[in-house]
Amino acid sequence: MVTRVIPVDPFDLVVFGGTGDLARRKILPALYRRFCAGQIPDEANIIGAARSEFDDAGYRAFVRDTILEFAPVTLCEDGAIDTFCDRVRYIKLDARGDEGWEALARIIHADRVRAFYFSVGPQLFADLAERLHRHGMASGETRIVVEKPFGHDLASARELNTMLARHFDETQIYRIDHYLGKETVQNLMAIRFANMLFEPLWNSQYVDHIQITVAESMGVAGREEFYDRAGAMRDMMQNHMMQLLCLIAMEPPAKFEPDAVRDEKLKVIRALDTVVLDDIVRGQYEAGEDKPGYLDDVGNSESTTESFVALKTGIGNWRWAGTPFYLRTGKRLRARTSEIAVVFKDAPHSIFGADAGRHANILTIVLQPNEGIELGVTIKEPGPGGMRLIDVPLDMSFAETLGPGAELVPDAYERLIMDVIRGNQTLFMRGDEVEAAWRWTDPIIAQWEEKGERPLPYESGSTGPEDALALMHRDGRRWREIRE
Ligand code: NAP
């Protein structure tokens, strides 16, 4: 498979927080890979900005080391790192001070796309926005990229939106959710809206239920302080899982255009049922597998923050009334895996008799670790001995189907950063979407805070608390296995 690469126009990209973890692990490697793919033109400038002491040469050495550590070098020609680093510069600045801003304004081209990636803590967003404006860099073809978390609740998200709107138009604001940049997530839209096969069945008449799982095997190490303030509901459910839910449930937009797609997503969030406490299970992992438990990890023996949440909700519209959506996410679970499973109803009548059992079709969209799509179909078990039925997968793992070219498929950050440069907001969250997601999330959190119960303990390496299994068992359904 050959991936078509269309170079973008020359641009200036400033990475505020250019020395931080996200820049090192994701942003700089993504830029390098796009450079190797031939998408970044020679005239482009990539500028790291932070408080650390670096000159251009020192930062280039830092970027070089970062790439060697985090970017697969096999795709690039010899010497590519040096050529890439020639495009890299560094400005020492403090988001809250005056130093460095004039120097930054001087090297930014007024007649180009100018992207400013806010890869810093959200407490600095207002300072960055205000200084970009004050130094004449907020107008024209300027775009800002804002990382999650976008607020802690509805009030703080609104405040953030209002603050950004003082200096930037909504068309300039790119709220990133890297899940939306994943190949499979976009393929989900292709499957739904480019095939006749599924759309007629995509409703409560044929779909029994939908389950979305985002399981992580790691604990909270490295993000303890942030995580203990957030928990699974704010860290995963309000954003990543909500976005997946929107894409699986939304109506077909008239066009694959930013506002057409985002309008439909917003309608899904607004139609979500309020979740009652009986339909929520919260958990906290215990020590196990030679690793400490959650309370030790965060160094707070009183913490009531959940590292796991499972819930059942529904969507109050014509398409989905009556189809439950089960969502679960957690840390220190059996495996790292993310998938959406659309479980279709059983055939209305089995001509093969009761012994043939139940055989629902399941369409599974796997986001990680091995992106791909699997359709479970029922066939006759081969051989003599009557009509015994088995379920087999029609499997399309991208790595296998696309062959050696699969590794050239851009990862989420590569695609999203290039979309910022191209000015395509389709895969970015709009302000009203984020606020609607918090409007749904806040009352859920308020309910359990009011009740004051501790999350249920669960074994490290398990599938979460037993009660999460019961959440589905009581409806006569079961979660899919959490497997690699
Ligand atoms: P980090 O490792 O703590 O890096 C923070 C960066 O901000 C550093 O480059 C730091 O550099 C810079 N910085 C701090 N204070 C500054 C100031 N006053 N003026 C200018 N620069 C300043 O954080 P991170 O993990 O990269 O995360 C960055 C953002 O991305 C956060 O909002 C985080 O929630 C979000 N995020 C991160 C990840 C991830 O995987 N890391 C994933 C999703 C979202 P100096 O100390 O040199 O100034």
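Here, residues in each chain are numbered from 1, in the same order as that chain's written sequence. Reporting of local features is limited, given that this is a predicted model, to residues whose pLDDT is at least 70; pairs of side-chain atoms are given and counted only at 80 or more, and all residues count toward the totals for whole chains, interfaces and linings. Heavy atoms from the whole structure form the basis of all side-chain values; hydrogens and water molecules are not counted.

With an unreviewed UniProt entry as reference, the protein chain is termed Glucose-6-phosphate 1-dehydrogenase, source organism Aquicoccus porphyridii. UniProt positions are given in the numbering used here, feature names are shortened, and annotations may be inferred rather than shown by experiment. UniProt, in the comment section headed Pathway (unreviewed entry), describes the protein chain in these words: "Carbohydrate degradation; pentose phosphate pathway; D-ribulose 5-phosphate from D-glucose 6-phosphate (oxidative stage): step 1/3."

J.: I'm lost on the overall build of the protein chain in this one. Help?
T.: In this text, helices come from DSSP runs of H or I with a minimum length of four residues, and strands from runs of E with a minimum of two, each type numbered from the N-terminal end. A tally of helices and strands in the protein chain yields 14 helices and 15 strands. In terms of overall size, the protein chain behaves like a compact globule, its C-alpha atoms giving a radius of gyration of 24 Å where 484 residues would be expected to give roughly 23 Å. Dimensions of the protein chain, computed from the C-alpha atoms along their principal axes, are close to 75 × 55 × 50 Å. Only protein chains enter the accessibility calculation, which uses a 1.4 Å probe. A residue is then buried if its area is under 20% of the maximum for its type, exposed if over 50%, and partly exposed in between. Taking all 484 residues of the protein chain together, 53% fall into the buried category. The contact definition used throughout considers only heavy atoms, calling two residues in contact when any of these lie within 4.5 Å. Within the protein chain, counting contacts between residues at least 6 apart in sequence, those at least 24 apart form 77% of the total. All accessibility values rest on the Shrake-Rupley procedure with a 1.4 Å probe; residue burial counts only the protein chains present in the view. Just so you have it, the protein chain exposes about 21,700 Å², and 50% of that area is on carbon and sulfur atoms. Positive charges come from Lys and Arg, negative ones from Asp and Glu, while His and the chain ends are left out of the count. Think of each charge as sitting on NZ of Lys, CZ of Arg, CG of Asp or CD of Glu. Side chains of the protein chain carry 57 positive and 77 negative charges; the gap between the two charge centres is 2 Å. The atom set for the radius of gyration is the C-alpha atoms, and the globule formula is 2.2 Å times the number of residues raised to the power 0.38.

J.: Explain the pairing of strand β10 (residues 325-330) to me, please; I cannot follow it from the model alone.
T.: Along a regular strand, successive side chains alternate from one face of the sheet to the other. The element β10 is extensively covered by neighbouring structure, given that six of its six residues are classed as buried. Of the two faces of β10, the one holding F325, L327 and T329 and the one holding Y326, R328 and G330 are both buried throughout. In this sheet, β10 lies alongside strand β7 (residues 207-215) in parallel orientation, the contact comprising six bridges. When the bridges of β10 are listed, Q211 appears paired with Y326. At least two DSSP bridges between two strands are required for those strands to pair. By the bridge criterion, six bridges tie strand β9 (residues 308-313) to β10 in an arrangement that is antiparallel. When the bridges of β10 are listed, V309 appears paired with T329.

J.: So what exactly am I meant to see when it comes to the packing of aromatic side chains here?
T.: The geometry of an aromatic ring pair is captured by two quantities: the separation of the ring centres and the angle between the planes. Pairing of aromatic rings covers Phe, Tyr and Trp, the last through its six-membered ring, and needs centres within 6.5 Å; plane angles under 30 degrees mean stacked, over 60 mean edge-to-face, and all others mean tilted. This model, assessed by the stated rule, comprises 19 aromatic pairs. The interplanar angle of 70 degrees and the centroid separation of 6.3 Å between the aromatic rings of F198 and W202 together place this pair among those described as edge-to-face. W202 carries the same exposure label as F198, and that label is buried. Among the aromatic residues, those joined into a ring-pair cluster are F16, W101, F116, F118 and F125. Here, a charge over a ring means that NZ of Lys or CZ of Arg falls within 6 Å of the ring centre while also lying within 35 degrees of the ring normal. Sitting over the ring of F150, R175 keeps its end group 5.0 Å from the ring centre.

J.: Help me understand the sheet that holds strand β1 (residues 11-16), please; the structure alone is not making it clear to me.
T.: Pairing between the strands of a sheet comes from backbone hydrogen bonds, and it takes one of two forms, parallel or antiparallel. What the six strands build is an open sheet, ordered β3-β2-β1-β4-β5-β6; its pairing is parallel. Sheet topology places β3 (88-92) and β6 (173-175) at the edges, where each strand pairs with a single neighbour. The mean angle between the axes of side-by-side strands here comes to 20 degrees, regardless of whether they run parallel or antiparallel. Seen against the sheet, helix α5 (residues 125-134) touches β1, β4 (113-118) and β5 (142-146) and runs at an angle of roughly 160 degrees to β4. Axes here refer to lines fitted to C-alpha atoms; in helices the fit is confined to the stretch in contact. Angles between the N-to-C directions go from 0 to 180 degrees.

J.: Before we go on, may I ask you to explain the packing of α5 against helix α6 (residues 154-167) in this structure?
T.: Helix-helix packing is described using two parameters, namely the angle between the two axes and the distance between the axes. As a packed pair, α5 and α6 sit with axes 9 Å apart at the nearest point and diverge in direction by 10 degrees. If you check the angle between α5 and α6, you find them roughly parallel. Judged by residue contacts, F125, A126, A129, E130 and H133 of α5 engage L160, M163, L164 and H167 from α6. Tallied by class, residues from the contact of α5 with α6 come to six nonpolar, two polar and one charged. Roughly parallel means an angle under 35 degrees; roughly antiparallel means over 145; roughly perpendicular covers 65 to 115; every other angle is labelled oblique. Three classes are used, and their members are as follows: Ala, Val, Leu, Ile, Met, Phe, Trp, Tyr, Cys and Pro are nonpolar, Asp, Glu, Lys and Arg are charged, and the others, Gly among them, are polar.

J.: Help me out: how do you make sense of helix α9 (residues 258-271) in this one?
T.: In an α-helix, one turn spans 3.6 residues; hence positions three or four apart end up facing the same way. Relative to the 20 Å expected for 14 residues at 1.5 Å per residue, α9 spans 20 Å between its end C-alpha atoms, a close match to the ideal helical length. Regarding α9, the residues found buried are V261, R262, E264, K265, L266, V268, I269 and A271. Each element contacted by the buried residues of α9 is listed here: α8 (224-249) and α13 (431-451). A helix is expected to span 1.5 Å multiplied by its residue count minus one.

J.: Can you walk me through the UniProt feature "binding site: NADP(+)" (unreviewed entry) in the protein chain in this structure?
T.: In the numbering used here, UniProt assigns the "binding site: NADP(+)" (unreviewed entry) feature to G17, G18, T19, G20, D21, L22, A23, R24, R51 and K148. Inspection of the secondary structure puts G18 in the loop between β1 and α1 (21-36). Residues in contact with G18, not counting those within four places in the same chain, are A23, L28, G48, A49, A50, Y59 and F62. Within the secondary structure layout, G20 lies in the loop between β1 and α1.

J.: Could you clarify how one ought to interpret the state of the cysteines in this entry?
T.: Where two cysteines share a covalent bond between their sulfur atoms, that bond is called a disulfide. When two cysteine sulfur atoms lie within 2.5 Å, the pair is treated as a disulfide. By the definition in use, this model includes zero disulfides. The thiol of C85 is not disulfide-bonded; the next cysteine sulfur, from C36, is found 11 Å away. By relative accessible area, C85 is classed as buried at 4%.

J.: Honestly, the side chain of D177 in this entry has me stumped. Any pointers?
T.: When you line up the elements, D177 lands in the loop between β6 and α7 (183-194). In what follows, salt bridge is the name for a side-chain nitrogen of Lys or Arg lying within 4 Å of a carboxyl oxygen of Asp or Glu. Among buried Asp, Glu, Lys and Arg side chains, D177 stands out as unpaired, with K148 the closest opposite charge at 6.9 Å. Not counting the four nearest positions on each side in its chain, D177 is found in contact with N239, H240, Q243, L416 and M429.

J.: Please explain the nonpolar core as it appears in this structure.
T.: In summary, soluble globular proteins display a tendency toward joint burial of nonpolar side chains. Core analysis: the largest hydrophobic core is formed by 145 residues, its most contacted members being F16, F84, L104, F116 and I248. With 13 residues, α8 is the largest single contributor of residues to this core. Each residue touching L104, except ones within four places of it in the same chain, is listed here: V14, F16, I47, I91, L93, F116 and M137. Working definition of a nonpolar core: buried Ala, Val, Leu, Ile, Met, Phe, Trp, Tyr and Cys residues. They are joined through side-chain atoms within 4.5 Å.

J.: Looking at this model, I keep getting lost on the packing of α6 against α13. Mind explaining?
T.: Running from N to C, α6 and α13 point in directions that differ by 165 degrees, and their axes come no closer than 9 Å. One element, α6, and the other, α13, form an angle in the roughly antiparallel class. Here α6 runs over α13; the crossing is left-handed. Contacts from L154, A157, R158 and N161 of α6 reach α13 at G431, V434, E435, W438, R439 and D442. When its residues are assigned to classes, the contact of α6 with α13 shows four nonpolar, two polar and four charged. Rotating anticlockwise by less than a right angle from the far helix to the near helix defines a left-handed crossing, while the corresponding clockwise rotation defines a right-handed one.

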